[in-house]
Amino acid sequence: SKFFLNLCALLNPGYAEKRKPCSYSSGVCELTSGNKSFSLGGVSHLGFDKKDLVASFSGGDVCESDKAGKRQARIHFTCRHGNKGNPRLVQVVGCTYMFEWETEAACGTKEIQAPTDRGEEMQPTQPGLSGLQGRCAVESPLSHFVYDLSPL
């Protein structure tokens, strides 16, 4: 399988394959070797789970292993200086696709924010996302470092 994703907005519906497009609400799309495409959902959370930077996607296509369930994805980001990196699928548990992404964007930067911005997490909206000051970014409530994911 190949995966296409966009952390900051929805994928173009025909992005993965013109003959087998993903739905308009896709932030992650799987294109199988059999040329089928499946939505893994749109961004439902971009922020911190304890001290770890994560992105969660929900509301994807119906899961074949659980007809009542929907496909979803979770990306765990790890800091790796000097590397934009790429997401790597590490496992699929039921209907949840688990990715790891080693990237410099997960290292964060010390950036001065207005006092009202302290500790904000992105609140996803459709069709795109808005974060700190309209960017695809999130601030750690612990370190107050800013993690700008828009280059990814």
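## Here we look at the confidence of the model for the protein
Point 1. Averaged over every residue, the pLDDT of the protein is 79; residues scoring 70 or more account for 77%.
Point 2. The low-confidence segment residues 112–133 (pLDDT under 50) makes 51 contacts with residues lying over four places distant or belonging to another chain.

## Observations concerning the nonpolar core
Point 1. Grouped together as the largest cluster of nonpolar side chains are 22 residues, with contacts concentrated most on Leu7, Leu53, Ala55, Phe57, Ile75, Phe77 and Leu149.
Point 2. Of all the secondary structure elements, the ones that give two or more residues to this core are β3 (37–49), β4 (52–58), β7 (72–79) and β9 (96–103).
Point 3. Broken down by element, the residue count for this core peaks at four residues, all from β3.
Point 4. Filtering out sequence-adjacent residues up to four positions away, Phe77 remains in contact with Leu7, Leu53, Val54, Ala55, Trp101, Thr103, Ala106, Leu149 and Leu152.
Point 5. Core analysis: the second largest hydrophobic core is formed by five residues, Phe4, Leu11, Cys22 and Cys29 among them.

## Quick notes on the sheet that holds strand β10 (residues 109–110)
Strands belonging to one sheet form pairs held by backbone hydrogen bonds; the direction of such a pair is parallel or antiparallel.
Point 1. Read across the open sheet, the three strands follow the order β10-β14-β13; overall the sheet is antiparallel. Pairing within the sheet leaves two strands with one partner each, and these edge strands are β10 and β13 (137–139).
Point 2. Of the pairings in the sheet, the one linking β10 to strand β14 (residues 145–148) comprises two bridges and is antiparallel in character. Note that in β14 the partner of Thr109 across the bridge is Val146.

Procedures and definitions
Residues numbered from 1 in each chain as written. Predicted model: local features only at pLDDT ≥ 70, side-chain atom pairs only at ≥ 80, totals over all residues. Heavy atoms only, no water. pLDDT = per-residue confidence, 0-100. Contact = heavy atoms within 4.5 Å. Core = buried A, V, L, I, M, F, W, Y, C linked by side-chain atoms within 4.5 Å. Buried < 20%, exposed > 50% of the residue type's maximum accessible area, 1.4 Å probe, protein only. Helix = DSSP H or I, 4+ residues; strand = E, 2+ residues; numbered from the N terminus. Pairing = 2+ DSSP bridges.

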